[in-house]
Each structure stands twice: as structure tokens, then as C-alpha cells.
Amino acid sequence: IGSVPEATNCHKPCTVSGGGKSEISKPIADAIIHAPFYISDLKRDFDAVEEILAGNYGNRFKDASRNRDDSRPILGHQRSLGSVIKLLTPGPEYTEAHNAFVRGIPTHIKELVLLVKRFHKPDWGESWRDRFSVDIINGIPGHELKYRDNKVITSYLRVGYDDHGLWRVFSLRKDFFPAVKIQTEDDITASVVVPWEKIPGQPGRSQGGCSVKIAQNCEYRLFQRPDDAIIRGYDRKTEADMAQPVNFFSNYQPLSREEVRDMVEDAVRFDAFTEPMKRLLSDFAAGEGSAAFAVANSNPRLVNGVPTKNPRYLQNRSSLENPQAVHVAEMGARLKRKLASDEPVLFPVNGLLPGRRNNPPEGPIRSLAVFNPIHYLPMPEAFMEFISSMTGKSPSTTGAGSEGALTKAPFNAVLPIMDLNSALVAAALTELDAFVTAAGYVGPHFRVDHDISLLVPEIWCRMRKFERQPAWLIEHGLLERVPALEWEGKPLPVGLLGYRINQAFVNYFLGRIFTSPEVLFAEDMLQPEKQDLAVFADGLDNMLTTHQVVARNYFADGSIELACPPLKALLHIMRDGHYEGKSIDDPAIRQLFEPAHILASDWYAARLRSRVDLDVAHWRRLADYLEAYDQPFHGLEALRAFVQERLQAAMAPDAVEAFRGTLGRETAYRP
């Protein structure tokens, strides 16, 4: 358990409906299950623990140069809990003998070893057993473990469902404490890209770019769709919000007093609600207040007899309701950066985590379940994903297909291509790498809903800066390409999927959260093609088809002519499969997307010049207005001099340098 002075700012742009925009910022504490720590047989189990603690693991490495005759003892202060988890997790760096030994440890024994390690203090010596006990029930030892006469509570987290709809629950590390999350954005966000040196205090760089993205929420309330709130008691935040006296609901079923009384009388199911919702419904059932109807989080509106998948309510921004968390985060950064009290604390984006909603085939709806939990997409593949923003089965009202460039085109008065041009420049300036996270399904068989969206920020805030770099992850075997695959004699376009996480990634990073990371994702979750190759092939074909349909729009409306050179090539490839005879894998095409190439290009220089032209036009317009102003007032001459000074600065030969490291301005705009 620890704190860091600089927060991790996870940004989830270009994400379709149901892709986890809201869930990435919800506290994971609501999803944690707390339960007693059960033990089978105290003496026998502790004998097994003692045997493991006494082991010498100095010769476990395949690389003999890393081996030594004596290893650090498990309970020794030289070993952290994370080190013990890694020791007891199979890994490619270990010998087959060690991996076989680890796999042979029963899960409950491994949990017990980690529990002893968590509680152990150096002054215990060899008498660690004396601290633990169980009650004697009817003359027989019980099964609830106690530490110093207090029941030991362990924690679990749901990560998806099995084939029968049962929760897949995994134990959390004994020292796991959820990150404090502050929601900084939802649907509507404004952002600006500025050079690093413009940020007061210059927080440590988390990527290699010359600039940073600063994002700001534009909403006081967020139009939430709390998908998991249908499970009574699961989403504590939503139940607390909905129990408040003033709310705006959409697509929730109006419940009569009689219906609510029936809910209250079903005592077992009713008790699953959290206290605020139980209190609200109980009071309503008892006849308190003048309202004719009540709303419960578990009861979306019935449409043709079926609960809608799109219930919504307006939620106040958590940053406004919990100012203490915001204050602590800002003060930590302020002290770390040595900022004065009147200097702003800015938090650059340092995790680009767009989400996609995956779905299995269902009737006429084609599969899109080709991604594993987390994929890294290089810039060309990332922008194909952003441009198409495809969804197979949207829980909102848009249905299957594409939600448009960067997903919010219907709210924007400019052409989508202009947003895309700016987004590409921002990507080059910040060098923020896109890691796409899964919602809905992983492959056609594993339903995960929003569990991965909830989990990813916990992973990212525990990663060191260099560990977020794709080059480092690839070099160390923590990301891998999808292997070449064929279906019906034709190669599949697996390059669209970039790089995906593997078991080594899961063991390395999820071991910071779970006690047994090796069992978190089965092999066919990390490699979805092994679930059903035919469905996998159709999902890739669905992606290609959507790319073609979306790209054609840019040719149909003529906006292809406004595309910057990399995006023009990409749109041609999305439509035709090639550009000037070159595919997406051609080095000449990929060079177009290299940050250094973009920032040295003539078209980026033209964007900077366009921004200078706007400045010149602005100050010239003000100068002409003041010159023609015929109502003298005190300070008029000083104001004229100030405007002339700014006009001359804007017209200076080096004026363009003031905007280097920014987005510049679309050249198609008028000054």
C-alpha cells in the first residue's frame, strides 16, 4: 500500500457506446467482495505452508547465471509480498521443475502462504503459527481463520462470467488497496495540446512526445448508463445517487406502491440492495411522501415486455461531490512540483485507453469479438479504429455500424476530417500510445461486461512510466503480435489487431493486484481465435467491411481533399486496400505516421502558418477598429499602442515558433 504525488490521468477517447467511458472512472471498491478466509484443516494446511516457507528456490531460473545456492527466505524482510507472488507464479524464466512445483500448490495453500507473508513481522521468529487459530465448534475445529482472535477477511473481484453466467471471482492481494479515482471527464471534453515547458512545474514525462494533452470536462452532470446497477447492491454509487431526493431518470420503470411493497416483502432479494436504496423503497412502500411512483436501479423500463439496455440518470460529477480527493491530488502534485499557491496544477494525460465494445454473433448481428482484454495499436491501426469507431450491438440508440469519426461527430459543426487531422497531430506531438481495452466480450464466449474497464486504471497507475512504453513491453515479451492465420485458404488480416497482451503481461502486471494472476485469463481469452476461428475470421471481415463503408463517406462528400497526407493514404487503404500500390504494411506508408516525420512535414508547417495568419488577422481587425474609433476616452492611445505591438509581434518572421508544439490550425479555415 502506497501513495504517489503524481496522479495517473487515464483518457478514454474515441470510445463507442457501451465501451466503458464511465466505468473507467468508477471506484473499483464497489465491485470488491469481502468474505471470511476459510481454511480446510488448520494443522494440515499450516504443515503444507511451513514446507513451502522452508523451501530453497535459488535454482529456479533457466538461466543458470541467475541461480544461487541459497535464496531469500519467503518470510525474510528482503522479499516483498509481490516478490513472493512472482515466486509462486509459473513463468517462462523458471525451470520446468519449478513451474511444475508451483502448479502443484493447491490454491488455498498458496493463499495461506501469502496471508502469512502479509501479516508476518520480523520479531515473530519461527512462531508464526501461534498468531492464527480457528474456533472450536461442537468440539471440532472450525474453518474461519482468525488472526489474534479477529476473523481474517479476504477480498475478491469479479472479472467476467463463465459459460453458465456465473461470476468468475479472483482473490486480491492481501495488501491491495483500490486507487482513489477522480472522474475528470465523460462524454463531452475540451482539450488542448501544449509544449511540455508550458506546464508549470513540468511534471515528469510519461511519454517521449514534445507536448502534452490537457483535458477538461465540459459537463456539470454526467448522463450515466449504469449497466451493472441492475445487480442489486453491486453499484453502490448509483444506488446512493438514485436514493437522493432530486434526480433525472430516463428509461427506468415507474414502480407503483403495490409493486414496491412486493419488492420489500421479498426479504432475501430486497436485502441485497444497499442501505440508501432500501430506505428509499421502504419509505415509499410505507406510504411516506406524495409521489405516485418510485424508481429502483434494478428495474429498467420495460419495452415490449423486455427491460431496456439503455437506462440513464444524471449524476453529479464526483469531483464536485468529493472535493477532498481533488484537493489531496492537487496538493500532492503542487508540493512535488514546488508550485506557488497561485500557480495552476495541471494533470497531463499519460494513459490513452480507448475502449471498444465486443460482441458475439447474434442473429443478423455479426461478431466483433476479435480483441483480447488489452491491445496496443500502432498509430496507423489506431486511427483506422478511431475513424471507424465500430460497434456490433450498441446498448444505446445508434445500433450496429459506425458511430463516426472520434464518436461525437453529430455534436460537432466542423467536418469529421478536420477533427481527425487535429487528432493525428496531437498523437504525433504527445506520442501517447493507444491501448484499446475490451468491454462486453472477450472472444465470442467470455462475457466481461465492464469488468476490464474498471480494472485497467488499477493496472495503469501501478505501472512505472517506462513500463507503459510499447517498445519496452514488446522487447521484454509482454506484448505480442497475433500470429498469421488462415481461414478457408485465405490469410486473415490480423495486422489490424496490432499487439496484444499475453500470459507474461498478466503475470507481471496483474500480480500487483491478484494473488494468482496466472488463472485470471484462460489461454483462449488471451487468444480469442482459439474459441472459434470461423467467428474470429468473420469478425475481422466485419472490421474490414466497416472500414470500407466509413472511408467511402470521406470520398462521397469530398472531404478526402482536406485530409492531411497520412490520413489521405489511410482512407484510401481503408476503402481500396492500398494507396498508390502500397499496403498498410509498406514502410513508406508507416513512415507517414512517425511523429518526427509529421512534425517535420510541410503540411504541419502550413498548420502553424495558418495559426499565425489568424493572429495577424485578429490584431489587424482590432487595430483598424481602434484607428477608426472616433469617441476618444482615457487610455485609448495606450490601447492602440498595445494592439499595434501585438500586431507587429504576430507579423514577425519568427512568429510561427511561438506555436510549435501545438496543433496549429486547419488550413481550410478562413483567417
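This text follows the structure it describes.
Residues numbered from 1 in each chain as written. Predicted model: local features only at pLDDT ≥ 70, side-chain atom pairs only at ≥ 80, totals over all residues. Heavy atoms only, no water.

**Student:** Sorry if this is basic, but what is going on with the overall build of the protein chain here?
**Tutor:** The secondary structure content of the protein chain amounts to 22 helices and 27 strands. The C-alpha radius of gyration of the protein chain comes to 29 Å, within 12% of the 26 Å expected for a compact globule of 671 residues. Over its C-alpha atoms, taken along the principal directions, the protein chain stretches across nearly 100 × 75 × 60 Å. Across the 671 residues in the protein chain, those meeting the buried criterion constitute 50%. A fraction of 72% describes how many contacts in the protein chain between residues 6 or more apart in sequence connect residues 24 or more apart. A total accessible area of about 32,000 Å² is found for the protein chain, and carbon and sulfur atoms account for 54% of it. Put simply, the protein chain has 78 plus and 86 minus side-chain charges, and the middle of one group is 2 Å from the middle of the other. (Helix = DSSP H or I, 4+ residues; strand = E, 2+ residues; numbered from the N terminus. Rg over C-alpha atoms; globule rule 2.2 N^0.38 Å. Buried < 20%, exposed > 50% of the residue type's maximum accessible area, 1.4 Å probe, protein only. Contact = heavy atoms within 4.5 Å. Areas by Shrake-Rupley, 256 points an atom, 1.4 Å probe, with all protein chains shown as cover. Lys, Arg positive; Asp, Glu negative; His and termini not counted. Charge placed at Lys NZ, Arg CZ, Asp CG, Glu CD.)

**Student:** In this structure, what is going on with the packing of helix H21 (residues 602–628) against helix H22 (residues 636–650)? I would like to understand it.
**Tutor:** A pair of packed helices can be characterised by two numbers: the angle between their axes and the separation between those axes. Here H21 crosses H22 at 155 degrees, and the two axes come no closer than 9 Å. Considering their axes alone, H21 and H22 lie roughly antiparallel with respect to each other. As H21 packs across H22, the resulting crossing turns out to be left-handed. Counted together, Val612, Asp615, Val616, Trp619, Arg620, Leu622, Ala623, Leu626 and Glu627 of H21 and Leu636, Leu639, Arg640, Phe642, Val643, Gln644, Arg646, Leu647 and Ala650 of H22 form the full contact between these two elements. Classifying every residue of the contact of H21 with H22 by side-chain character gives 12 nonpolar, one polar and five charged. (Axes fitted to C-alpha atoms, helices over the stretch in contact; angles between N-to-C directions. Parallel < 35°, antiparallel > 145°, perpendicular 65-115°, else oblique. Left-handed = near helix turned anticlockwise from the far one by under 90°. Nonpolar A, V, L, I, M, F, W, Y, C, P; charged D, E, K, R; others polar.)

**Student:** Even after reading the chapter, I still don't get the sheet that holds strand S9 (residues 167–171), so can you show me in this structure?
**Tutor:** As a general point, the strands of a sheet are linked pairwise by backbone hydrogen bonds and lie either parallel or antiparallel. The strand order across the open sheet formed by three strands is S2-S8-S9, and the pairing between neighbours is antiparallel. Only two strands of the sheet have a single neighbouring strand rather than two, namely strand S2 (32–36) and S9. Adjacent strand axes in the sheet meet at a mean angle of 40 degrees when their direction is disregarded. Relative to S9, strand S8 (residues 153–161) runs antiparallel, the two sharing four bridges. Following the sheet pairing, Arg158 is matched in S9 by Val169. (Pairing = 2+ DSSP bridges.)

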